[in-house]
Amino acid sequence: MTKAVDGFADAVSKQPLKFLVEVLKGVAQVDFMPSALCGLFFVAALFASGWQYGLYGLLGASVATATAYVLGVDRTIVEAGLRGFNGCLVATGYAVFLGPDHASTVILAIGGSVTVVMVTSALANILGTWNIPTFTMPFCIMASVMTVAAPSFQRVWHGGTDLAALPTAATGATRLSWDDLWHAFFGNIGQIFFMPQWYVGLLFLVGILVASRTAAAMACVGSVIGIFVAWALGSPASGVAQGLMGYNAVLVAMALCGVFIKLGSWSFAYAVIGAAAATGLTAAMGTFFAPFGGHTFTWPFVLTALVFVAAVPSFTRLSRT
């Protein structure tokens, strides 16, 4: 163990730029983009939402990447950012839901970013049997445990009363104004990192565009589908405008057309169906977690993508990348 740590420290000290690139790739891999330039835009977006969130995102990706190196994960996997992105999400998510200004949050973010590497590797070994990626499932597991458990610990929970409550029927206006529509369009992208600000979503979209025009186009398609389905089903406009109903649709649309399934007219239609399904599942997961005080996170994306990708071998008009 000492040799592994010393070897990693030596490698980082000699090649700090290489490690930074890997960290940025880890941030970008949240949206399946192994691009350091894309990651730079993502980090800028996090800092635009609040300097603490930018630091937490970098902290989580750095700790997870370092942990993967120390534990001897295949270097090609680490260099592609595939062990850093869940750490980025874990640390940022902890900061959002526990508050970024507490020492306990920093400690938990570091511990969570270390632990999520083990969870990711375990799931990769299990799901790899069927050639299915882990998506953001490791983050979802860690974040769900955190939000459910946190109110039980006074030195961790600073949010007042427990958030657990029985779900209630939706209320409020459903009509979407022009302001609601364009805020929702960018909010759907920003909410992937828990950020509802439209300018944050815009920066994320620019980062995706820098890495892949196809991925950026599908992110836009997913956002539009999420807005339309939420409106058609009668979701309150306030939640739609904040991007709370469409962010899973964005991830699903990107994943099912060009990332994990080869680009084509059939995969485009497949992605549209998946994005619509993920929007409905977003509401269902919110209702499911409410009694436990948990949150939806990206569970709808994970479950939808898992089913749709696993089904591909049965369809001759679709093929995996």
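Peer 1: How should the packing of aromatic side chains be read in this particular structure?
Peer 2: Two aromatic rings are characterised by how far apart their centres lie and by the angle between their planes. Scanning the model with the defined rule gives 21 aromatic pairs in all. Look at Phe186 and Trp198: their rings are 6.5 Å apart centre to centre, the planes differ by 55°, and that puts the pair in the tilted class. With a gap of twelve residues between them, Phe186 in helix 9 (residues 178-190) and Trp198 in helix 10 (residues 198-211) connect regions that are remote in the sequence. For Phe186, a relative accessible area of 17% puts it in the buried group. Considering the side-chain rings of Tyr270 and Phe315, the 6.0 Å spacing of their centres and the 70° angle between planes classify their relative orientation as edge-to-face. With Tyr270 in helix 14 (residues 265-289) and Phe315 in the segment after helix 15 (299-311), the pair connects residues that are 45 residues apart, well separated along the chain. Look at Tyr270 and you get buried, because its relative accessible area is 12%.

Peer 1: For this particular structure, what's the right way to read helix 11 (residues 213-233)?
Peer 2: Residues three or four positions apart in an α-helix share a direction because the helix packs 3.6 residues into each turn. Over its 21 residues, helix 11 extends 30 Å from the first C-alpha to the last, a length consistent with the 30 Å expected when each residue adds 1.5 Å. Those residues of helix 11 that sit buried are Ala215, Ala216, Met218, Ala219, Gly222, Ser223, Ile225, Gly226, Ile227, Val229 and Ala230. On its buried face, helix 11 sits against helix 9, helix 10, helix 12 (237-241), helix 13 (247-259) and helix 14. Of the residues one or two after helix 11, Gly234 is the one with positive phi, at around 90°.

Peer 1: I would appreciate a short explanation of a nonpolar patch on the surface in the present structure.
Peer 2: Residues Leu37, Leu40, Trp198, Tyr199, Leu202, Val206 and Val210 make up a contiguous nonpolar surface patch of roughly 550 Å² in combined accessible area. Listed by contribution, the elements that provide at least two residues to the nonpolar patch are helix 3 (36-49) and helix 10. The element best represented in the nonpolar patch is helix 10, accounting for five residues. Within the element layout of this structure, Val206 appears in helix 10. We classify Val206 as partly exposed; its relative accessible area is 30%.

Peer 1: Explain the packing of helix 2 (residues 16-28) against helix 4 (residues 51-70) to me, please; I cannot follow it from the model alone.
Peer 2: Packed helices, taken two at a time, are described by the angle between their axes plus the distance between the axes. For the pair helix 2 and helix 4, interaxial distance at closest approach is 9 Å and the crossing angle is 115°. When the axes of helix 2 and helix 4 are compared, the pair comes out roughly perpendicular. Every pair of crossing elements has a handedness; the one defined by helix 2 and helix 4 is right-handed. Of the residues in helix 4, those in contact with Lys18, Phe19, Glu22, Val23 and Val27 of helix 2 are Leu58, Ala61, Ser62, Thr65, Ala66 and Tyr69. Looking at side-chain class alone, the contact of helix 2 with helix 4 contains seven nonpolar, two polar and two charged residues.

What counts and what doesn't
- Residues numbered from 1 in each chain as written.
- Predicted model: local features only at pLDDT ≥ 70, side-chain atom pairs only at ≥ 80, totals over all residues.
- Heavy atoms only, no water.
- Phe/Tyr/Trp six-rings, centres within 6.5 Å; stacked < 30°, edge-to-face > 60°.
- Helix = DSSP H or I, 4+ residues; strand = E, 2+ residues; numbered from the N terminus.
- Buried < 20%, exposed > 50% of the residue type's maximum accessible area, 1.4 Å probe, protein only.
- Expected span 1.5 Å × (residues − 1).
- Contact = heavy atoms within 4.5 Å.
- Patch = residues over 30% accessible without salt bridge, like charges linked within 9 Å, V, L, I, M, F, W, Y side chains within 5 Å.
- Areas by Shrake-Rupley, 256 points an atom, 1.4 Å probe, with all protein chains shown as cover.
- Salt bridge = Lys/Arg side-chain N within 4 Å of Asp/Glu carboxyl O.
- Axes fitted to C-alpha atoms, helices over the stretch in contact; angles between N-to-C directions.
- Parallel < 35°, antiparallel > 145°, perpendicular 65-115°, else oblique.
- Left-handed = near helix turned anticlockwise from the far one by under 90°.
- Nonpolar A, V, L, I, M, F, W, Y, C, P; charged D, E, K, R; others polar.

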